[in-house]
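Structure at a glance
Listed below, chain by chain, are the residues.
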Amino acid sequence: MIKGLFANWRFRTSHPAFEPGQQIEVYLTGFDASTGRGVARIGDSILDVEGVRSDQLDTLVTITVESFDRQTHSGAARA
Amino acid sequence: MNQPASAETAPVSQTTLEFRGGKALSALPILFFIAWAIFQSGLLGISATGGLIVGMLVGLILGMLFVKGDWKGYADTVFEGMAQPVAVTAIVAWLWAGMFAGTLQVGAFVDGLGWLAVAAGIGPLLFPAITFLLAALLATGIGTGYGTVIAFVALFFPAGVALGADPVIMFGAILSGAVFGDNLAPVSDTTIVSAVTQDSDVGGVVASRFKYAIIAAILSLIAYVIASAMFSGSTIAPEVAEAFREQTNPAGLLHLLSMGTVIFTAIAGRHIIEAISWGLIVAIVVNLVFGLAPGTDMLVFNVAEGGWAAETFGAWPLVEVVAAADAGVGGSLYNGALGFAELAVLILLVIAGAQIMMRGGAFHALEDWLLRTVAKTVRSAEVVMVTVTASINAAITINTAAQIAVAPYIATIGKRFNINGYRRANILDANTSALGYIFPWAGGVLVGYTQMTALVNQYDWFSSDMVVAPIQAWPWVFHGWLLVIVFLVSAWTGFGREYTTDRLSNRSSAS
């Protein structure tokens, strides 16, 4: 419990980074019906997500990061 | 009992309401209620929750007049709003918290805290700072900021003034303590609403918000010592200080055990109903075993004299024979739970009004506007979350009601940036708690003022010029202001920020 009180005393970046192969659970924050692709925005980092449906918008989905560019803070992932 | 899911995940129908005058008119019931609250409590100085219930009812009726087509959809939406788990969860928790708070009060807990202050020899320089600390401690234990304000204005305020502390600073310190407890207490209604609406467990939100609360509290403590050194208070006759000492009772400190039971069980992740029930059982046992309060202080059946019931049951435990006019049920369990009855009705109506606004599209229009034009980065999104929560709470008397109305915005904006449930709940709750005790129409300020005016009749030495008017308090609620500032700085710098990818908020009690 004490550990919980003193956890996360840190400054977290606006641009979190991810590693290829990393599995993460995120809210699907956008969906483009014309391309059938989704977007997961984590802070100001953007992941283009394949293999999701429109009804998954604003819900938690488990995705696997395929690539991530630390310069542009963007990458691709698959559900 | 499992914690119900949040409003966002509850199965609700997708009725859409159309209003004459456009989507904005669906905000009429809530806006009318806010205007009513400002008029009633801000301008007229009436803090009655019952009056706000009428304001919300009239607002709901006015809104209906602008609905296009069949009004049945509007009526159905009112029911749909009231049936959401979020309000029911909060109401159930208030009933439990009310019983617990009342039982600690009859068990002389405040007198125990007072004994500690006197034994430590606290003078006018430190009295406001210590009052802030003790009020924070009590509010954290019992979870009711209003109850804390009432208890501390009744006991600590005259003592502090009697010892030479400045009355306005004393009132500010008490309100600050209430803010601290409202924000941090596991049993606080705002804590529970913040957790439930942001898909989080109560233990997790309390643990994660400790860092913001303690930073603001340490700065507030220092500020109260400095302010006390700068402003000399009134000097009062020594017999007043003596009267205060006579009221204190070290045995009341035994209820630290009851408080600790609730805090530790809640932080350990047990359901809040379970945590408070254990705390309540400990409090009742402590009261009875150590003679702090008889059973009838906690529950009493007052039977009318002269009747069959009085003759048959008059000698039973927890039964007292009284004059016919005084017949009824009483005690801390009864009074504590019943104290929230009006607020429970108000909350049901306010979330019905909020549901109308959602189905009518005004919520979405505002959300879309905020997301499109203001909240473009995670930093600006968090600043928007802080300022919107603070602004709406500044306008509404009962901060829990404001919190429930704004909670869906916070969830939506936060999720768009994958800000996790704990961070969202912390932004929502800190700014809700802070603004509920600052402005002159805020419920916390009004209950304190009401209690203070009663002191004039209670003590010969307490003159009406010692009463702090509601409008005087706002600059001195240091913890409230500092909590808002801490969150603005945190939003800007990323201090304490957590994404869903760092940690998902734990809803294990719901699964």
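All residue numbers here refer to positions counted from 1 along the written sequence of the relevant chain. Both sets of labels track the order of writing: A upward for chains, 1 upward for ligands. Residues qualify for local features only when their pLDDT is at least 70, as the model is predicted, and side-chain atom pairs are given and counted only at 80 or more; totals for whole chains, interfaces and linings, by contrast, use all residues. The side-chain quantities take in all heavy atoms of the structure and omit both hydrogens and water.

Thoughts on the overall build of chain A
When its secondary structure is counted, chain A shows 1 helix and 6 strands. Working definition: helices are DSSP H or I runs of at least four residues, strands are E runs of at least two. Numbering for both runs from the N terminus. Reading chain A from its N terminus to its C terminus gives the helix and strand order α-β-β-β-β-β-β. Projected onto its principal axes, the C-alpha positions of chain A cover 50 × 30 × 20 Å. Throughout, exposure labels follow a simple rule: accessible area from a 1.4 Å probe, protein chains only, divided by the maximum for the residue type, with under 20% read as buried, over 50% as exposed, and the rest as partly exposed. Taking all 79 residues of chain A together, the buried fraction comes to 37%. Accessible surface, chain A: about 4300 Å² in total, of which carbon and sulfur atoms supply 51%. Where accessible areas are quoted, they stem from the Shrake-Rupley method and a 1.4 Å probe; at the residue level, only the protein chains shown are allowed to cover.

A few points about the interface of chain B and chain A
By a widespread convention, an interface's size corresponds to the accessible area lost as its parts come together. Between two residues, a contact is recorded if the distance between any of their heavy atoms is within 4.5 Å. Between chain B and chain A, the residue contacts involve 27 residues of the former and 25 residues of the latter. The term buried area means the drop in 1.4 Å probe accessible area that two parts suffer when joined, counted for both and summed. Between chain B and chain A lies a buried interface of about 2400 Å² when both sides are counted; carbon and sulfur atoms form 60% of it. Three residues, R416(B), N418(B) and T501(B), lead the burial of chain B against chain A; their summed loss comes to 22% of the area buried on that side. The rule for a salt bridge is simple: a side-chain nitrogen of Lys or Arg has to be within 4 Å of a carboxyl oxygen of Asp or Glu. Viewed at the interface, chain A and chain B are joined by 3 salt bridges. In this structure, D58(A) and R416(B) form a salt bridge, with 3.3 Å as the shortest nitrogen-oxygen distance. In protein, a polar contact requires one atom able to donate a hydrogen and another able to accept it; more generally it is a pair of N or O atoms within 3.5 Å, and residues adjacent in sequence count only if both atoms are side-chain atoms. Linking chain B with chain A are 13 residue pairs in polar contact (both at pLDDT 80 or more), by the criterion used here. Counting only elements with at least two residues in the side of chain B that touches chain A, the list comes to α10 (202-230) and α12 (256-267) of chain B. Ranked by residues supplied to the side of chain B that touches chain A, first place goes to α10(B) with 5 residues.

A few points about the packing of aromatic side chains
When the centres of two rings from Phe, Tyr and Trp lie within 6.5 Å, Trp using its six-membered ring, the rings pair. Their planes under 30 degrees apart give stacked, over 60 give edge-to-face, and anything left gives tilted. Evaluation of the coordinates by the stated rule reveals 18 aromatic pairs over all chains. Judged by centre distance (5.3 Å) and plane angle (90 degrees), the ring pair of F231(B) and W476(B) falls under edge-to-face. In this pair, F231(B) is assigned in the loop between α10 and α11 (238-247) and W476(B) in the loop between α23 (470-473) and α24 (478-493), connecting sequence segments 245 residues apart. In textbook terms, an aromatic cluster arises when at least three aromatic residues are bridged by ring pairs, as seen for F6(A), W9(A), F11(A), F210(B), Y212(B), F487(B) and F495(B). By the criterion adopted, a ring carries a charge over it if an Arg CZ or a Lys NZ lies within 6 Å of its centre and within 35 degrees of its normal. Sitting over the face of the ring of W492(B), R379(B) holds its NZ or CZ atom 4.5 Å from the ring centroid.

Brief notes about the packing of helix α6 (residues 127-142) of chain B against helix α7 (residues 145-162) of chain B
The relative placement of two packed helices is expressed as an angle between their axes plus a distance between the axes. Residues and elements named next belong to chain B. α7 packs onto α6 with a crossing angle of 160 degrees between their chain directions and a minimal axis gap of 11 Å. In terms of their interaxial angle, α6 and α7 are classed as roughly antiparallel. Seen from above, α6 lies across α7 with right-handed handedness. Contacts from F127, T131, L134, A135, L138, A139 and I142 in α6 reach T148, A151, F152, F156, A159 and G160 in α7. Every angle, taken between N-to-C directions, lies between 0 and 180 degrees, and every axis is a line fitted to C-alpha atoms, over only the stretch in contact when it is a helix. When describing relative orientation, an angle under 35 degrees is termed roughly parallel and one over 145 degrees roughly antiparallel, while 65 to 115 degrees is termed roughly perpendicular and anything else oblique. Handedness of a crossing follows from how the near helix is turned relative to the far one, being left-handed for an anticlockwise turn of less than a right angle and right-handed for a clockwise one.

Considering helix α17 (residues 341-360) of chain B
Helical geometry note: an α-helix holds 3.6 residues per turn, so side chains three or four residues apart project in the same direction. Multiplying 1.5 Å by the helix residue count minus one yields the expected span of that helix. When the terminal C-alpha atoms of α17(B) are compared, their 29 Å separation across 20 residues agrees well with the 28 Å that a helix rising 1.5 Å per residue should span. A positive backbone phi angle near 95 degrees is found at G361(B), which sits one or two residues after α17(B).

Considerations on α10(B)
Here α10(B) contains 29 residues, and its C-alpha end-to-end distance of 40 Å stays within 8% of the 42 Å for a straight helix at 1.5 Å per residue. The sharpest bend along α10(B) comes to roughly 40 degrees, located at F210(B). The angle separating two fitted axes, one through the seven residues that finish at a residue and one through the seven that start at it, defines the bend at that residue.

Focus: the pairing of strand β6 (residues 74-78) of chain A
Residue and element names in this part refer to chain A. Residue alternation in β6 divides its side chains into a buried set, G75 and A77, and an unburied set, S74, A76 and R78. When strand β4 (residues 45-50) meets β6, the two strands line up parallel, connected through 5 bridges. Looking at β6, one finds that I46 is bridged to S74. Pairing between strands is defined by DSSP: at least two bridges between them are needed. With 5 bridges connecting them, strand β5 (residues 60-69) and β6 associate as antiparallel partners. Directly across from T64, in β6, lies its bridge partner R78.

Topic: the nonpolar core
As a rule of thumb, nonpolar side chains are buried together in soluble globular proteins. Residues grouped as a nonpolar core are buried Ala, Val, Leu, Ile, Met, Phe, Trp, Tyr and Cys residues, joined through side-chain atoms within 4.5 Å. With 159 residues, the main nonpolar core has L47(A), I63(A), F152(B), F157(B), F171(B) and M452(B) as its most contacted residues. In this view, M452(B) contacts V153(B), F157(B), F171(B), F462(B), M466(B), V467(B) and V468(B); residues no more than four positions away in its chain are not counted.

Re unusual backbone geometry
Even without being a glycine, H73(A) presents a positive backbone phi close to 55 degrees. Within the secondary structure, H73(A) is located in the loop between β5 and β6. The exposure class assigned to H73(A) is partly exposed, which follows from its relative accessible area of 24%. Despite not being glycine, N418(B) has its phi angle at roughly 55 degrees, a positive value. Along the polypeptide, N418(B) turns up in the loop between α20 (399-415) and α21 (421-435).

So, the confidence of the model for chain B
Residue and element names in this part refer to chain B. In predicted models, pLDDT denotes the confidence assigned by the predictor to each residue on a 0 to 100 scale. On average, chain B scores 84 in pLDDT, and the residues at 70 or more come to 91%. Here α11 is the element of chain B with the lowest mean pLDDT, 70, and α24 is the one with the highest, 98. Two summary scores accompany this predicted model of the complex, namely pTM at 0.75 and ipTM at 0.97.

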